[in-house]
Amino acid sequence: MSGSITHDVLHGPPPPPVEGDWAGGGGGGFDGRGAFRRASFTGLYVLLAASTMLFAAFTSAMVVRRGLSDDWASMAKPPILLLNTGVLLASSLALELARRALKSGGRSKFNGWWTAGTALGLLFLGGQALAWSQLNAAGVFISSNPSSSFFFVLTVSHAIHLLGGVSALFYVDVQALRLSLGPAKRTAIDISAIFWHFLDGLWLYLMVLFYVWG
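Computed from a predicted model, the values in this text were never measured in an experiment. (Residues numbered from 1 in each chain as written. Predicted model: local features only at pLDDT ≥ 70, side-chain atom pairs only at ≥ 80, totals over all residues. Heavy atoms only, no water.)

Draft legend 1. Inspection of the overall build of the protein chain at higher detail. When its secondary structure is counted, the protein chain shows six helices and zero strands. Mapped from its N terminus to its C terminus, the protein chain presents α and β elements in the order α-α-α-α-α-α. Buried positions account for 43% of the 214 residues belonging to the protein chain. Once local pairs closer than 6 in sequence are excluded, the contacts in the protein chain between residues at least 24 apart make up 80%. (Helix = DSSP H or I, 4+ residues; strand = E, 2+ residues; numbered from the N terminus. Buried < 20%, exposed > 50% of the residue type's maximum accessible area, 1.4 Å probe, protein only. Contact = heavy atoms within 4.5 Å.)

Structure, rendered in structure tokens:
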């Protein structure tokens, strides 16, 4: 006992535990498993609930407006919407492949798949801008008809959410490429991917809404 006390006096307290490897979840209190992770996911769930309520309100307004009068005219949908849908689905797939690579310790594979998912997200936003441009060139604007009004409101609202998602993906991507994405960032990876999948599902819902009710 006295030897242990003497050792502490001479050499100080023992060093802190070494942080786990890049793909793991080991480490201290902020390794993505403790209170920080729970608080982060609570914030995510609040965001998802708020976004769901927003689009539910838009949907309700759209359905009510469509049934109030006979001035509703279904607008022609730009064919690029289908291509954009495929791009967004591919983006979600790339992120899931990245997460699987991370769990198996494939650092370079994670970087490649995550970068691909981020790039596809940006490509989707570019495709949406092109779709809006094509509609405007065809004489379809937000004020042309109630149908076009809801189309622009819903797609722009989705794009704003998507900008936030792309920013999160880009942050993770930069950290990974700089080799500074340690275990503490695992929560950022999971939350970014889950939010992106939510936006993917939301887009599929909007597509059904446009083609069935729009």
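Draft legend 2. Here's a closer look at helix α2 (residues 35–68). Between the first and last C-alpha of α2 there are 49 Å, a value that for 34 residues agrees with the 50 Å anticipated at 1.5 Å per step. Those residues of α2 that fall on the buried side of the exposure criterion are Ser-40, Phe-41, Leu-44, Leu-48, Ser-51, Phe-55, Thr-59 and Met-62. The elements touched by buried residues of α2 are α5 (146–177) and α6 (186–213). (Expected span 1.5 Å × (residues − 1).)

Draft legend 3. Fine view of the pattern of salt bridges. Here the structure, examined in full by the defined rule, presents five salt bridges. Notably, a salt bridge pairs Glu-96 with Arg-99, separated by 2.9 Å at the nearest N-O pair. Note that Glu-96 and Arg-99 are positioned in helix α3 (residues 80–103) at a spacing of three residues, about one turn of the helix. A relative accessible area of 26% means that Glu-96 is categorised as partly exposed. Using a relative accessible area of 15% as the deciding quantity, one classes Arg-99 as buried. A single network of salt bridges, built from pairs that share partners, joins Arg-37, Glu-96, Arg-99, Arg-186 and Asp-190. (Salt bridge = Lys/Arg side-chain N within 4 Å of Asp/Glu carboxyl O.)

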